[in-house]
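Coordinate analysis (summary)
The residues making up each chain are set out below.
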Amino acid sequence: MRAAFAGMNGRINPPSSLERMTVDDLRNPASEVWVLGHPVVGTVVLTPKPRVLYVGKLAVAGKRRGVGRMLMTVAEDRARALGLEWLELQSRVELVEVHAVFKALGFVEVMRTTHEGFKQPTSITFRKAVG
């Protein structure tokens, strides 16, 4: 995950919470951590919330075509299995190329949020209906 997120260093402010995460943080019993490949080429953390499955820390090693799409398919399948209506994720405002990918996958922007201590929005929340 850290290698995949390294390109954000210096681009986003505040820095990603991934920098402070530990393996113990990923052991949250409410979340599922999905890993694709050996060696690992992609990861995602899925956390059920009321009506939505939150898609967090989606990470793809290098420019692996289709890995992110496969992980999003896993997320959609899990949301349906859990009876949830939406996938939800957040992306930093600065990462416009990532927003384009999410939009191409059917996500729409639903709100912008601001980290504590900032005046301007720092994150965008996207949602996609699970059919």
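Refer to the preceding data block for the structure.
Now for a description of the structure that goes with this document. Going along each chain's sequence as written, the residues are numbered from 1 onward. Local features are withheld for residues below a pLDDT of 70 in this predicted model, meaning they are given only at 70 or higher, and side-chain atom pairs are given and counted only at 80 or more; totals for whole chains, interfaces and linings count all residues. Water and hydrogen atoms were dropped before computing side-chain values, which therefore reflect all heavy atoms in the structure.

A helix here means a DSSP run of H or I that spans at least four residues, while a strand means a run of E at least two residues long, and both kinds are numbered starting from the N terminus. For His 99, the location among the structural elements is in helix α3 (residues 96-104). In contact with His 99, not counting residues within four places along its chain, are Ser 91, Arg 92, Val 93, Ile 124 and Phe 126. Note on contacts: a residue pair qualifies if any of its non-hydrogen atoms lie within 4.5 Å across the two residues.

Glancing now at the pattern of salt bridges. Salt bridges, as used here, are contacts in which a Lys or Arg side-chain nitrogen is within 4 Å of a carboxyl oxygen on Asp or Glu. On inspection of all chains with the given rule, the structure shows seven salt bridges. Note that Glu 76 is salt-bridged to Lys 128, the shortest N-O span being 2.7 Å. Note that Glu 76 is positioned in helix α2 (residues 67-81) and Lys 128 in strand β6 (residues 123-129), a separation of 52 residues in sequence. The residues Glu 76 and Lys 128 share a single accessibility class, namely buried. A salt bridge links Arg 112 to Glu 109, with the shortest nitrogen-to-oxygen separation between them at 2.7 Å. Arg 112 gets classed as partly exposed once you look at its relative accessible area, which sits at 43%. Note on exposure labels: buried denotes an accessible area under 20% of the residue type's maximum, exposed denotes more than 50%, and partly exposed covers the range between, all computed with a 1.4 Å probe on protein chains only.

Further remarks concern the packing of aromatic side chains. Note on ring pairs: Phe, Tyr and Trp rings are taken, using the six-membered ring of Trp, and paired if centres are within 6.5 Å. Classes follow the plane angle, with under 30 degrees stacked, over 60 edge-to-face and the rest tilted. Taken as a whole and judged by the stated rule, the model has two aromatic pairs. Considering the side-chain rings of Phe 102 and Phe 126, the 6.0 Å spacing of their centres and the 55° angle between planes classify their relative orientation as tilted. In this pair, Phe 102 is assigned in helix α3 and Phe 126 in strand β6, connecting sequence segments 24 residues apart. Taking relative accessible area as the criterion, Phe 102 reaches 8% and is therefore assigned buried. Taken together, Phe 102, Phe 107 and Phe 126 form an aromatic cluster joined through their ring pairs. Think of it as a cone above the ring: NZ of Lys or CZ of Arg counts as a charge over the ring if it is within 6 Å of the ring centre and within 35 degrees of the ring normal. The ring of Tyr 54 is capped by Lys 49, whose NZ or CZ atom sits 4.7 Å from the centre of that ring. If you follow Arg 127 out to its NZ or CZ, it ends over the ring of Trp 86, 5.9 Å from the centre.

Looking at the secondary structure, you find Ser 123 in strand β6. A relative accessible area of 6% places Ser 123 in the buried class. Ignoring any residue separated from it by four or fewer positions in sequence, one finds Ser 123 in contact with Gln 90, Ser 91, Arg 92, Val 93, Met 111, Arg 112, Thr 113 and His 115.

It is worth spelling out a nonpolar patch on the surface at this point. Within this analysis, patches are made of residues with over 30% relative accessible area and no salt bridge. Like charges are joined at 9 Å or less; nonpolar side chains (Val, Leu, Ile, Met, Phe, Trp, Tyr) at 5 Å or less. The Shrake-Rupley method, run with a 1.4 Å probe, gives the accessible areas here. Residue values count only the displayed protein chains as cover. Together, Val 33, Val 35 and Val 40 make up a nonpolar patch on the protein surface, roughly 230 Å² of accessible area in all. Its place among the elements puts Val 35 in strand β1 (residues 32-36). Accessibility expressed as a relative area gives 48% for Val 35, which makes it partly exposed.

Attention shifts here to the sheet that holds strand β3 (residues 52-60). Should DSSP find at least two bridges between two strands, the strands are regarded as paired. With mixed pairing, six strands are arranged side by side in an open sheet as β1-β2-β3-β4-β6-β5. Both outer strands of the open sheet, β1 and β5 (108-113), are each paired with one neighbouring strand and no more. The sheet shows a mean angle of 25° between the axes of neighbouring strands, taken without regard to direction. Of the pairings in the sheet, the one linking β5 to β6 comprises five bridges and is antiparallel in character. Among the inter-strand pairings, Thr 113 is bridged to a residue of β6, identified as Ser 123. Helix axes are fitted only over the stretch in contact, all axes being lines through C-alpha atoms; the angle between N-to-C directions runs from 0 to 180 degrees.

Turning next to the environment of Gly 68. Among the structural elements, Gly 68 can be located in helix α2. The class of Gly 68 is buried, set by a relative accessible area of 15%. Residues Gly 68 and Leu 105 lie 37 residues apart in sequence; the distance between their C-alpha atoms is 9.9 Å.

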